[in-house]
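Analysis of the macromolecular model
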Amino acid sequence: MAKTHKILRGSCPLVLTPFKDNEDLDLDGLKAHIDWLIDKGAPGLFLAGSWGEYSQLSDDERRQVFETGLKHVAGRVPVFVGICGLGQTTRAGVEFGRAAEGAGADGLMVKQYLYIDASERHGKAPEADIREGLLEYFGAMSRAVNIPIMLYNSVWGTVAASPEAQLQLTKRGYNQYVKECTGYVALQ
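Bear in mind the structure is a predicted one, so any value in this text is a computation, not a measurement.

1. Quick look at the environment of Val145
- With respect to the helices and strands, Val145 occurs in the loop between α4 (127–144) and β4 (149–154).
- Along the primary structure Val145 and Gly102 are separated by 43 residues, whereas in three dimensions their C-alpha atoms are 9.4 Å apart.

Shown next as structure tokens:
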């Protein structure tokens, strides 16, 4: 089934996750930041992404951020929720994706599984194995939700999806967007 969605346009910023001096979440500060971004013309937002301190948040805090943020945005602009927790399993990613969809997310920004060392110094995994792992992971995410998925293609702490892998993900309908963060975009 094709996923219908609001199309993202323009430059959509990541929402920062503010903390109080005691390191508790500052949910009032989060709401104020969201209002400021929307007031300045942001056509869409990303909650709980890598610049949204996802790696410093517990699972409960991550849920608080996207539930509070989505409720506060209240449909004013499209919101994608980051699914990119440290060491997060496919099952946990699917659960977060479903929870974000249930809370009103317009889409998910999914970073492939984390901390797989694909560097040359330890022997790089074969491209076919990487591609198959990405297809399994994104396939599970895609089957779990009815909102669009953005591949957060990064080399920071993970393995990047090659152009061939991205083509396969798109052909299978597993992702509808790509956030390219590899630092070496090239036409092939």
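2. Here we look at the packing of aromatic side chains
- Under the definition given, this model contains three aromatic pairs.
- Relative to Tyr177, the ring of Phe80 has its centre 5.6 Å away and its plane inclined at 85°; by these criteria the two rings are edge-to-face. Residue Phe80 is located in strand β2 (residues 79–83), and its partner Tyr177 is located in strand β5 (residues 177–181); the two are separated by 97 residues in the primary sequence.
- Ring geometry for Tyr137 against Phe138: centres 5.5 Å apart, planes inclined by 85°, an arrangement best described as edge-to-face.
- Using a relative accessible area of 4% as the deciding quantity, one classes Tyr137 as buried.
- In this structure Phe138 comes out as buried when scored by relative accessible area, which is 0%.
- In this structure, Arg63 packs its charged tip against the face of Phe96, placed 4.7 Å from the ring centre.
- Between the NZ or CZ atom of Lys111 and the centre of the ring of Tyr152, over which it lies, the distance is 5.2 Å.

Cut-offs and rules
- Residues numbered from 1 in each chain as written.
- Predicted model: local features only at pLDDT ≥ 70, side-chain atom pairs only at ≥ 80, totals over all residues.
- Heavy atoms only, no water.
- Helix = DSSP H or I, 4+ residues; strand = E, 2+ residues; numbered from the N terminus.
- Phe/Tyr/Trp six-rings, centres within 6.5 Å; stacked < 30°, edge-to-face > 60°.
- Buried < 20%, exposed > 50% of the residue type's maximum accessible area, 1.4 Å probe, protein only.
- Lys NZ or Arg CZ within 6 Å of the ring centre and 35° of its normal.

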